[in-house]
Amino acid sequence: MMPRPQTAVAVGLPPRSVFAGADICLVANLPVDPAKADRRPFFDNDVWDFTCVLGLPRHQPVRVQIVNFGQITNPVQRQMTKEYLLGLLVPDHPLVRVLPGAYRVPRVISTVHQRIFHIKRWFDWLAERGIHDLSEVTQETCDAYLQWCHHTWNRKNGQTVKETKPDYRRQAVATLQELADYGELFAAGGYRKGFRPWGSRSSQQVSGYRNTRGNSTQPVRQEVLQPMLAACFYIIEHLAEPILALRESERRRAAEWEARFSTSDEPRQWAPLMSGIIWDYIRRGEPLPATSDEQVRARLKQGWDESDPLLRVSVKRLGYEAGIRYPHVTRIMNEHRDALRDAAKLLGVEHPTARNAALVPRADGKGEAPWTLPISGHSQTDWVIERVRSACLTVVAALTGMRMSELVEIPTDFRLPSQTVAGGLTRHRIRSKRIKGVKHGGEWDEWVVIEEVHQALELMSRLLDDPEEETHLIGEHNLNYGWRAHFLRQWVNSEDGQRLGLDSIPDGQVNLRMLRRTLALEMAHRPGGLLAAKVALKHVSVATTEGYAARPGGQQSIFMTEVGKEEQNRNLELTLQAFRDYQQGILPAGPGARDLAEFFASVDGQLSELAKKAPTVKRGDREVTSLLAKRAKTLHLGVANYCWFIDPAKALCLKIAGAPVTKDSKPMAGMCDSARCPQATHHPCHRPVWAESAESSKVFIASIPRGNKAERQRLEAELARAERVVSEIDAAHGPADQEGDGDGPADQ
């Protein structure tokens, strides 16, 4: 009897895949750089190198763009993984679009890189338990794996390290389920027919992951943000120009050294050169150049004496100045030790760069100080340049809310034509790409920014090493904002930063997401305001708000949605506070006070009815806020009033402006006259504004000449209005600065 021929699966090899020989980029419709076409990945390759693809996000690390299947040793599982991941990239493929559980939107390359991590962990976990075929997997197996995924493990001793986050477990569950959803693509392997881990339950339900309402990112603490922004503006305003001048002088010095380098590298010809440079230092009376602190520590570890005069001398720099291209430090030190020691004792030792630095104003206003102390050389000059770049990035990120992916996409030709608007203000416009949530390659978009942001970007373009060759303000994969924020804080808190009068930056995390979150909160909790540290509030609120509202439908609209949520939360809190005041007998003032009081009375009545129906139930703020929510949506904050914009037809601002009244009409804060508008109310928090207005009017009236009757009459009318509003607030609430004697509303 003849033996039956073995199949490919029987000898450990899978049958031929339906995707065999496929060009991954061609199938996935990914554009390829012609200069890197030889790297383009094919299905049968064990490494898919996507670095040849055009339009990849610049913030994405190179390691994410290379998918290595060689780490999966089982040939069947390796091919199955390729089929699954290719299915994620090509949802429109004829074999993929018929799968009921497949994605309908192409996954990005970073998702593919993430999935292969979870697949390998799944296969390795199964192999450790003697399971080499997914058809043997049961629901109990999946439950055991999920339980194992609740912790990270030390591979050496098998001990738990820490508990994983729900999102990590959600990704692990999603990977197991997607292997079932794409199972029809597999030429071999896969779960048994009809089996899907956890059935129809979603990965979120299985892992315990919950979508949090609102943004969970915490804002930067004000005690951290304010000194950091102040330091950044100080660096940009006072230190940037001296630092750029230093870089140019260092480049000229390097070019001069290059021109003087000896054509011979023979060590025996170094003696006259070194003797000459030592004599030049003695003749000029100039201290010898000091080496870096790192080199000093290295010499001490090698056994140098702490009292050795040559411990801090940079012999290599002396060699460069003498014209030696490759100076051998040990040989020079041995041959010229006596001369170097005598010169060091006579002249002293000092860092060579930025000696006699120019004076700049101190940040605290207490006179002037050199912009820097002498620094050791080329490497620290680069650090100083990066300090300026970090300051610029902080200003741009804090005052625009741009994401990391948008910052690194800012091109060198970021400028768009500026526009002059009413009041002589200039609207600066820049361009960059939006990456998140758009098609491969990103989409160009524009941001309207304030002048300080535009200046910071202009400075970043000057910081480029080769502006003609570089295409973006930030080098590829070179943002590293966490590193930048750390070293910026370290410098500000150092002796050098304190010498310049900068306020110390307390400990506290700072990253780009937190800066974006902070800006959103600042926009929401001020009447049309934005982050205003060392920037005029009017400029920030107008320009940046228009920047984020300029083009709906993109990342800007997402950002404004977040701002809108914060505004609604703020409005609800203010409405609740006004209602609590009403309950304590503190009534609103202003033309709209009666209408608001009637509304609060109806709410109070509804609460009383609820209390009668369930007298044993303790009432909290939840019932109150639900009754106040609709009115809170109509609240708009003015500088000196609350505007309850219920009926646009009654809005005085629209009537004054002659604007058409529609269902989408919004109040016009610039035309507001809250003393006459029937939808405006005044509360204790507004009294100081009206009182200050009255005092200012009195001062101006006293300074007007007798002949200018028209101006006097206008100011007297404003004074009468301000005093009337103050008296109305006092009548309803009591004066803001009055202590109370136990009989007034403030004491009830």
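Along each chain, residue indices are assigned from 1 in the same order as the chain's sequence is written. Confidence filtering applies because this is a predicted model: local features only for residues at pLDDT of at least 70, side-chain atom pairs given and counted only at 80 or more, and all residues used for totals across whole chains, interfaces and linings. Heavy atoms from the whole structure form the basis of all side-chain values; hydrogens and water molecules are not counted.

Caption draft 1: Local environment of the overall build of the chain. Comment: elements are numbered from the N terminus, with helices defined as DSSP H or I runs of at least four residues and strands as E runs of at least two. Along the backbone of the chain there are 25 helices and 14 strands. Here's how the labels work: a residue is buried when its accessible area is under 20% of the maximum for its type, exposed when over 50%, partly exposed in between, all with a 1.4 Å probe on protein chains only. Within the chain, the fraction of its 748 residues that count as buried is 43%. Areas reported here follow the Shrake-Rupley algorithm with a probe of radius 1.4 Å; residue values treat only the protein chains shown as occluding. Just so you have it, the chain exposes about 39700 Å², and 51% of that area is on carbon and sulfur atoms.

Caption draft 2: Structural detail: the nonpolar core. We define a nonpolar core as any set of buried Ala, Val, Leu, Ile, Met, Phe, Trp, Tyr and Cys residues linked to one another through side-chain atoms lying within 4.5 Å. The biggest cluster of nonpolar side chains holds 64 residues, and the ones touching the most others in it are Leu239, Trp371, Leu457 and Leu515. Contributing elements (two or more residues each) for this core: α7 (222-260), α13 (378-400), β11 (443-449), α15 (451-463), α16 (481-492) and α18 (512-524). At 15 residues, α7 tops the list of elements feeding residues into this core. Throughout, a contact is declared for two residues whenever any of their heavy atoms are within 4.5 Å. Discounting residues that sit within four places of it in the chain, leucine 515 has contacts with Val220, Leu225, Ala397, Ala398, Tyr481 and Val510. Residues Val67, Ile131, Leu134 and Val206 belong to the second largest nonpolar core, which totals 53 residues.

Caption draft 3: Looking closely at the sheet that holds strand β9 (residues 415-420). Only when DSSP finds a minimum of two bridges between them are two strands counted as paired. Reading across from one edge, β9-β10-β11 is the order of the 3 strands in this open sheet, with antiparallel pairing throughout. Sheet topology places β9 and β11 at the edges, where each strand pairs with a single neighbour. Sheet twist, expressed as the average angle between the axes of neighbouring strands with direction ignored, equals 30°. The pairing of β9 with strand β10 (residues 426-434) spans 4 bridges and is antiparallel. Axes here mean lines fitted to C-alpha atoms, for a helix over just the part in contact, with angles spanning 0 to 180 degrees between N-to-C directions.

Caption draft 4: Structural detail: the pattern of salt bridges. Basic side-chain nitrogens of Lys or Arg form a salt bridge, by our definition, when they fall within 4 Å of a carboxyl oxygen of Asp or Glu. Applying the stated criterion to the full structure yields 41 salt bridges. Among the salt bridges present, the one from aspartate 181 reaches arginine 196, with a minimum N-O distance of 2.9 Å. In this pair, aspartate 181 sits in helix α5 (residues 166-181) while arginine 196 sits in the loop between α5 and α6 (203-207), placing the two residues 15 residues apart along the sequence. Note on aspartate 181: relative accessible area 17%, which makes it buried. Arginine 196 sits in the partly exposed class, given a relative accessible area of 26%. For the salt bridge of arginine 434 with glutamate 443, the shortest nitrogen-to-oxygen distance reads 3.2 Å. Taking the relative accessible area as the measure of exposure, arginine 434 reaches 5% and is therefore buried. Classification of glutamate 443 by relative accessible area gives partly exposed; the value is 28%. Linked by salt bridges that have partners in common, Arg247, Glu248, Arg251 and Asp465 make up one network.

Caption draft 5: View of the packing of aromatic side chains. Between 30 and 60 degrees the pair is tilted, below 30 it is stacked and above 60 it is edge-to-face, where a pair is any two Phe, Tyr or Trp rings, Trp via its six-membered ring, whose centres lie within 6.5 Å. Following the criterion strictly, the structure yields 18 aromatic pairs and no others. Centroid distance tyrosine 145 to tryptophan 148: 5.8 Å. Interplanar angle 25°. Geometry classified as stacked. Pair noted here: tyrosine 145 and tryptophan 148 are both in helix α4 (residues 139-148), with a separation of 3 residues, about one helical turn. Pair check on accessibility: tyrosine 145 and tryptophan 148 agree, each one buried. On the basis of an interplanar angle of 55° and a centroid distance of 5.2 Å, the ring pair of tryptophan 483 and phenylalanine 487 is categorised as tilted. Separated by 4 residues within a single helix, tryptophan 483 and phenylalanine 487 lie in helix α16, roughly one turn from each other. Judged by relative accessible area, which is 38%, phenylalanine 487 ranks as partly exposed. Pairwise contacts between aromatic rings join Phe19, Phe43, Trp48, Phe50 and Phe69 into one cluster.

Caption draft 6: Region of the structure containing α5. If you check α5, its first and last C-alpha atoms are 22 Å apart, about what 16 residues at 1.5 Å a residue would give, namely 22 Å. Taken across its 16 residues, α5 has 12 buried, putting it largely inside the fold. Where α5 is concerned, the buried positions are Tyr168, Arg169, Gln171, Ala172, Val173, Ala174, Thr175, Leu176, Gln177, Glu178, Leu179 and Asp181. Here the buried face of α5 lies against α2 (75-89), α3 (109-128), α4, β4 (160-163) and α6. Between the first and last residue of a helix there are one fewer steps than residues, each counted as 1.5 Å, and that sum is the expected span.

Caption draft 7: Highlighting the packing of helix α8 (residues 270-284) against helix α10 (residues 315-322). At a minimum axis separation of 9 Å, α8 and α10 run at an interaxial angle of 100°. Relative to α10, the element α8 lies roughly perpendicular. Across the interface between the two elements, Leu273, Met274, Ile277 and Tyr281 from α8 touch Leu318, Gly319, Glu321 and Ala322 from α10. Each residue gets one label: Ala, Val, Leu, Ile, Met, Phe, Trp, Tyr, Cys and Pro are nonpolar, Asp, Glu, Lys and Arg are charged, and the others, such as Gly, are polar. A breakdown of the residues in the contact of α8 with α10 according to their chemical character gives 6 nonpolar, 1 polar and 1 charged. Roughly parallel here means an angle under 35 degrees, roughly antiparallel means over 145, roughly perpendicular means 65 to 115, and every remaining angle is called oblique.

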